[in-house]
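This is what each chain is made of:
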Amino acid sequence: MGKETSIFEKIELIIPGFHGYKRKELLREDDRLVRGKVAELLEQAKRELERALQRCAMAGCPQLMTIENLRKKTMMLEGKIKHAEAGYRGYFDRIKFKEDELKRLIEYDASMIEDAQAVLEGAKAVSAAVANPQQLGTAVLNLEDKLNELEGIISSRMSFAAGE
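Residues numbered from 1 in each chain as written. Predicted model: local features only at pLDDT ≥ 70, side-chain atom pairs only at ≥ 80, totals over all residues. Heavy atoms only, no water.

Asker: When you look at the overall build of the chain in this model, what are you seeing that I'm missing?
Answerer: Helix and strand counts for the chain come out as five helices and zero strands. Along the chain direction, N to C, the helices and strands of the chain fall in the order α-α-α-α-α. Here the chain holds 164 residues, and 35% of them are scored as buried. In the chain, the proportion of contacts linking residues at least 24 apart, taken out of those at least 6 apart, comes to 79%. (Helix = DSSP H or I, 4+ residues; strand = E, 2+ residues; numbered from the N terminus. Buried < 20%, exposed > 50% of the residue type's maximum accessible area, 1.4 Å probe, protein only. Contact = heavy atoms within 4.5 Å.)

The structure is reproduced here in structure tokens:
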């Protein structure tokens, strides 16, 4: 008994390159989902920093402006991630992504998830340390470092996505 070919296998035999279409679309969708998760984590971090700002204002802590700057930077990074190049290129686009390049974008995105989780934890630490000035100073510095690391990953990803 011979092997019967499925409809997809028949199309693959007739249309060159068809076999990779669905796989590439799935990689693009994965890329979009990962960036959405990173943006969600940063949104949570921003809310934590807003809570910290409220507590800091009530307690009269000297780190108020520093925390506000961290909140603004978190918002800026969230916007960059939401609007980052999505790994999709149309037929006539100058820069095209091959499957290996899409996988590399997803690797950048995985790094962004780890860094965004670290930012969220750092924001929670800032919020929890408002009553203790010494702990607050350390938490603020740690969060600033984590935001800078995330910003570096985002910049590298955007350069890669732009074909640089």
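Asker: Hey, could you run me through helix α5 (residues 133-161) in this one?
Answerer: An α-helix turns once per 3.6 residues; consequently, residues spaced three or four apart project the same way. Its 29 residues place the ends of α5 42 Å apart at the C-alpha level, agreeing with the 42 Å of an ideal helix rising 1.5 Å per residue. Of the positions making up α5, those classed as buried are Leu136, Gly137, Ala139, Val140, Leu143, Leu147, Leu150, Ile154, Arg157, Phe160 and Ala161. For α5, the side-chain oxygen to backbone nitrogen distance between the N-cap and glutamine 134 is 3.2 Å, and the N-cap itself is asparagine 132. Where α5 terminates, the next one or two residues include glycine 163, which has phi positive at roughly 85°. (Expected span 1.5 Å × (residues − 1). Polar contact = N/O pair within 3.5 Å; in protein donor to acceptor, adjacent residues only side chain to side chain.)

Asker: Just to check I follow, could you spell out the environment of alanine 129 for this structure?
Answerer: Position of alanine 129 among the secondary structure elements: in the loop between α4 (99-128) and α5. Residues alanine 129 and alanine 52 lie 77 residues apart in sequence; the distance between their C-alpha atoms is 8.6 Å.

Asker: Can you walk me through the state of the cysteines in this structure?
Answerer: Note: disulfide means a covalent bond formed between the sulfur atoms of two cysteine side chains. A complete count under the given rule lists one disulfide for this structure. The disulfide bridge from cysteine 56 ends at cysteine 61, spanning 1.5 Å between sulfur atoms. Residues cysteine 56 and cysteine 61 share a disulfide whose torsion about the S-S bond is about -95°; that sign makes it left-handed. Note on cysteine 56: relative accessible area 1%, which makes it buried. Classification of cysteine 61 by relative accessible area gives buried; the value is 12%. (Disulfide = S-S within 2.5 Å.)

Asker: What exactly am I supposed to notice about the nonpolar core here?
Answerer: Proteins that are soluble and globular tend to have nonpolar side chains buried together. Among the nonpolar cores identified, the biggest contains 29 residues, and Leu42, Ile67, Val126, Leu136 and Leu143 are the most heavily contacted of them. Of all elements in the fold, only α2 (21-59), α3 (64-82), α4 and α5 reach the threshold of two or more residues within this core. Top contributing element to this core by residue count: α2, with nine residues. The residues touching leucine 136, leaving out its near neighbours within four places in the chain, are Cys61, Gln63, Ile67, Val126, Ala129 and Val130. (Core = buried A, V, L, I, M, F, W, Y, C linked by side-chain atoms within 4.5 Å.)

Asker: So what exactly am I meant to see when it comes to the environment of lysine 46 here?
Answerer: Looking at the element boundaries, lysine 46 is found in helix α2. The class for lysine 46 is buried, based on a relative accessible area of 15%. For the pair lysine 46 and arginine 71, spaced 25 residues apart in the sequence, the C-alpha separation amounts to 5.6 Å. Excluding residues within four positions of it along the chain, lysine 46 makes contact with Arg71, Thr74, Met75 and Glu78.

Asker: What should I look at first to understand the packing of α3 against α5 in this one?
Answerer: For any two helices packed against each other, one specifies the crossing angle of their axes together with the interaxial distance. Where α3 contacts α5, the axes come no closer than 10 Å and their chain directions differ by 20°. The angle between α3 and α5 places the two elements in the roughly parallel class. In the crossing of α3 with α5, the sense of the turn from one axis to the other is left-handed. Listed contacts from α5 to Thr66, Ile67, Leu70, Lys73, Thr74, Met76, Leu77, Lys80 and Ile81 of α3 are Leu136, Val140, Leu143, Glu144, Leu147, Asn148, Leu150, Glu151, Ile154 and Met158. (Axes fitted to C-alpha atoms, helices over the stretch in contact; angles between N-to-C directions. Parallel < 35°, antiparallel > 145°, perpendicular 65-115°, else oblique. Left-handed = near helix turned anticlockwise from the far one by under 90°.)

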